[in-house]
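Geometric and topological summary
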Protein chains: 2
Amino acid sequence: MKITLRETADYLLNNDNFLLLCHVSPDGDTVGSACALARALISNGKSVRILCGDKFTQEYLFMLEGIEMSEGEPEHIVAVDIAVPSLLGDEYEGLYGDKVELCIDHHSTNSLYAQRVCLEPDSASAAEIVYLLLRMMQVEITPIIASCLYCGVSTDTGCFRFSNTTVRTFEIAAELAKAGADYYNINQAFFETKTRTYAALERLTLEGMKFYFDGQCAIITITQEMYARTGSDESEVTKLANLPRQIEGVKVGVMMRELKDGGFKCSIRTHGEIDASQIAGRLGGGGHAGAAACTINLTKGKATNLLLKEVQAELEA
Amino acid sequence: MKITLRETADYLLNNDNFLLLCHVSPDGDTVGSACALARALISNGKSVRILCGDKFTQEYLFMLEGIEMSEGEPEHIVAVDIAVPSLLGDEYEGLYGDKVELCIDHHSTNSLYAQRVCLEPDSASAAEIVYLLLRMMQVEITPIIASCLYCGVSTDTGCFRFSNTTVRTFEIAAELAKAGADYYNINQAFFETKTRTYAALERLTLEGMKFYFDGQCAIITITQEMYARTGSDESEVTKLANLPRQIEGVKVGVMMRELKDGGFKCSIRTHGEIDASQIAGRLGGGGHAGAAACTINLTKGKATNLLLKEVQAELEA
């Protein structure tokens, strides 16, 4: 059942003992939204625990720091930024997949698996929705809450550059900055700073970028051997996915990264009318119109050919 | 003489027949500020002309489009975002260097060469100041004026990532987005899209990046020969200046680009307590604490050594 922001705020105000769930491969939005919400609920005297099917990586720990997690049995399960139960990860999908009482989300593809869904598909990030909820709950937006929300707002919009950015995104960013969000250091960490190993991997990857269909498609490929050569690893690879689409004339940009056990995870980024989720969907994956992913369990040459066939079909559609 | 925003607004409202001057190597802030101001003055029934010592490159033309430039003899000379008269370029410095009646600027290094100086060194961009002036002048912020100002606001802050970004920057960005600024396409053009030739130049440049002082300084060098090899040219080089500073551990990032007639223009970008304007200043240039520039008329090796000496002095200061 879809519920309004007001109903969601009331549900949060009227209950206690929450478990907040983040999606696997956690990003700034799921972690930032969950941490801001947890801090707000705790400031209202409630018990909260945050869980995620994957380990939180270093860059997100500042948001979790100082949150006193409840150890007791949770009574109310809330999923944040999670479109489908499989994104809870195997363990938590098994434990909680059919017990989520509230899902706060901005994915139009949300499967409505939760008992209550607070869904705003026009919101650039879940953090924008959480900001509105906290205002409605009359929670004080402390500097650390503002930082958590700013992290979600900025990372899900590529620092205000992606097409999901709205006037409201800027307005909320301004409110969060005013409330003391540490926007400078967050922007530096997520958008500016490159480790030496990442920079080496990026350079090596771009050297091998290949163009197809008169430059309408660009593909980069990252192999396990390239991690070894540069000292980088899979934790640094996410940002590379946007690079092929940045090249002028490219409508479909693809990052193919070799998995440890073979096969390739393909991240597809598109511009304009080209629907990335169509390409990924025909190869067993899914996602948004501008960003989608699939896994192809073939050798590099065969995987590339299969992918190119689907890219061509979409370019010609 | 320094004057207030109110006095500046009154000066603009009480005069007519303006010449607005942009600085050489025009950027989004000098062009955006001048074009927004020109449109505002024209909407108030005044005659305006915009001049720049260098040709406006393709990416800035959307801001100039449709501005009806006055052809008559200007009566009042206004410099926008110009810290010192030499930035007018040789011709206009000779013609107007000692005749500037008003300078609107945010460089703390402004030499106060103009008769009236509206100076806000804490403003991230001149465009922020022009926005405040237009509000004070009760000018309607049309979508194209909003786009001109957004271009200045976003480019001078690296899309809100540089340390000059303030709460007010976000607030003004939100106001401009609300007023109809075409922020998506501006962000795409200035921050996301790379031409094939730029991408090739970037790759070649990064291959040659060198580190000094335990990785605290990184230098990239762009030679005329590299333009020839990649099909790129000087118009594409500005964005490269930020890349060395992005590497983790780098406190001073430098781009040295070979000029057509020999010598090197050095763009210095720093983090934290390191003052780029000190380094550039000792080599005959100037700028801000985080971004400054100078020209060294020596061979590559000698220019690098001279620069490194000043970088070391600043690192040890």
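Predicted model, so just to flag it, every value in this text is computed and none were measured.

**Structural notes on the overall build of chain A**
When helices and strands are counted, chain A shows 13 helices and 11 strands. A compact globule built from 317 residues would reach a C-alpha radius of gyration of about 20 Å, and chain A, at 20 Å, matches this within 12%. The principal-axis extents of the C-alpha atoms in chain A amount to approximately 55 × 40 × 35 Å. In chain A, which comprises 317 residues, the share counted as buried stands at 56%. The long-range share in chain A, meaning contacts at least 24 apart out of those at least 6 apart in sequence, stands at 66%. Looking at chain A as shown, the accessible area adds up to about 13100 Å², and 47% of this sits on carbon and sulfur atoms. Averaged over its 28 positive side-chain charges, chain A has a centre that lies 5 Å from the centre of its 43 negative ones.

**Focus: the packing of helix H2 (residues 28-43) of chain B against helix H6 (residues 143-156) of chain B**
All names here are of chain B. Between H2 and H6, the least distance of the axes is 8 Å, while the angle of their chain directions is 160°. In terms of orientation, H2 lies roughly antiparallel with respect to H6. For the pair H2 and H6, the crossing hand works out as left-handed. In this structure, H2 contributes Gly28, Asp29, Gly32, Cys35, Ala36, Arg39 and Ala40 to the contact, and H6 contributes Ile144, Ile145, Cys148, Leu149, Cys151, Gly152, Thr155 and Asp156. Class assignment of the residues belonging to the contact of H2 with H6 gives a composition of eight nonpolar, four polar and three charged.

**Observations concerning the relation of the copies chain B and chain A**
Between chain B and chain A, which share one sequence, the superposing operator has a rotation angle of 180° and an axial displacement of 0.2 Å; the RMSD is 0.9 Å. When the rotation and shift are considered jointly, the pair of chain copies conforms to a two-fold rotation axis. Both copies contact each other with a shared surface, as 100% of the interface residues of chain B are interface residues in chain A too.

**A word on the packing of helix H5 (residues 126-136) of chain B against H6(B)**
All names here are of chain B. Orientation of H5 relative to H6, taken along the N-to-C sense of each, is 145°, at an axis distance of 8 Å. Note on element contacts: H6 touches H5 through Ile145, Leu149, Gly152 and Val153, opposite Ala127, Glu128, Val130, Tyr131 and Leu134. The residue inventory of the contact of H5 with H6, partitioned by class, reads seven nonpolar, one polar and one charged.

**Things to note about unusual backbone geometry**
In most cases, non-glycine residues show a negative phi, while peptide bonds are predominantly trans. All names here are of chain A. You will see that Leu112, though not glycine, has its phi angle at about 55°, which is positive. Within the secondary structure, Leu112 is located in the loop between strand E4 (100-105) and strand E5 (116-119). When its relative accessible area of 40% is taken as the criterion, Leu112 is described as partly exposed.

**Overview of the domain arrangement of chain A**
Residues and elements named next belong to chain A. Domain annotation of chain A identifies domain 1 (5-191) and domain 2 (196-315). Its C-alpha centre places domain 1 at a distance of 28 Å from the equivalent point of domain 2. Every contact between the two is made by four residues of domain 1 and, on the other side, five residues of domain 2. Across the domain 1/domain 2 interface, buried area totals approximately 330 Å², and carbon plus sulfur atoms make up 51% of it. On inspection of domain 1 and its partner domain 2, the count reaches zero salt bridges. Counting the contacts that link domain 1 with domain 2 gives zero residue pairs in polar contact (both at pLDDT 80 or more). Grouping the amino acids of the side of domain 1 that touches domain 2 by side-chain chemistry returns two nonpolar, two polar and no charged.

**Considerations on the interface of chain B and chain A**
Taken together, the 37 residues of chain B in the interface contact 37 residues of chain A. A combined buried area of about 3700 Å² lies between chain B and chain A, and 58% of that area is made up of carbon and sulfur atoms. The three residues of chain B that bury the most area against chain A are Arg161(B), Phe170(B) and Gln246(B), which together make up 22% of that side's buried surface. Seen at the junction of chain B and chain A, the total is four salt bridges. The salt bridge involving Lys178(B) is made with Glu171(A); its shortest N-O contact spans 3.9 Å. Inspection of the chain B/chain A interface yields 10 residue pairs in polar contact (both at pLDDT 80 or more). Listing elements by their share of the side of chain B that touches chain A, those giving two or more residues are helix H7 (167-178), helix H8 (183-192) and helix H9 (196-207) of chain B.

**Comments concerning the pattern of salt bridges**
All names here are of chain B. This model, assessed by the stated rule, comprises 20 salt bridges over all chains. Arg6 serves as the salt-bridge partner of Asp10, at 2.9 Å between the closest nitrogen and oxygen. With a gap of four residues between them, Asp10 and Arg6 both fall in helix H1 (residues 5-14), about one helical turn apart. The exposure class of Asp10 is partly exposed, given its relative accessible area of 29%.

Conventions adopted
- Once a new chain begins, its residue numbering starts again from 1 and follows that chain's sequence as written.
- Note on labels: chains are lettered from A, ligands numbered from 1, in written order.
- Side-chain atom pairs in this predicted model are given and counted only at pLDDT of 80 or more, local residue features only at pLDDT of at least 70, and totals for whole chains, interfaces and linings cover all residues.
- Each side-chain value is worked out from all heavy atoms of the structure, with water and hydrogens disregarded.
- In this description a helix means any DSSP run of H or I spanning at least four residues, a strand means any run of E spanning at least two, and both kinds are numbered starting from the N terminus.
- This radius of gyration counts C-alpha atoms alone. The globule rule is 2.2 Å times how many residues there are, raised to the power 0.38.
- Accessibility here uses a 1.4 Å probe with only protein chains present; expressed as a share of the type maximum, an area under 20% marks a residue as buried, one over 50% as exposed, and anything in between as partly exposed.
- The contact criterion used is simple: two residues touch if any of their non-hydrogen atoms lie within 4.5 Å.
- Shrake-Rupley sampling with a 1.4 Å probe provides the accessible areas, and residues are treated as covered by the protein chains on show and by no other component.
- We count Lys and Arg on the positive side and Asp and Glu on the negative side, and we leave His and both chain ends out.
- By convention, the point assigned to a charge is CZ for Arg, NZ for Lys, CD for Glu and CG for Asp.
- Here an axis means a line fitted to C-alpha atoms, over the contact stretch when the element is a helix, while the angle between two N-to-C directions is reported on a 0 to 180 degree scale.
- Geometric relationships in this document are graded by angle, where less than 35 degrees denotes roughly parallel, more than 145 denotes roughly antiparallel, 65 to 115 denotes roughly perpendicular, and other angles denote oblique.
- The hand of a helix crossing depends on one turn: near helix anticlockwise from the far one by less than a right angle means left-handed, and clockwise means right-handed.
- Polar here means any residue other than Ala, Val, Leu, Ile, Met, Phe, Trp, Tyr, Cys and Pro, which are nonpolar, and Asp, Glu, Lys and Arg, which are charged; Gly is therefore polar.
- For this overlay, a least-squares fit was computed on C-alpha atoms, restricted to residues scoring pLDDT of at least 70 in both copies.
- Source of the domain bounds: an automatic or database domain assignment.
- The term buried area means the drop in 1.4 Å probe accessible area that two parts suffer when joined, counted for both and summed.
- For this analysis, a salt bridge means a side-chain nitrogen from Lys or Arg found within 4 Å of a carboxyl oxygen belonging to Asp or Glu.
- Within 3.5 Å is the distance limit for a polar contact, defined as a pair of N or O atoms, with the added protein rule that one can donate a hydrogen and the other accept it, and that residues adjacent in sequence qualify only through two side-chain atoms.

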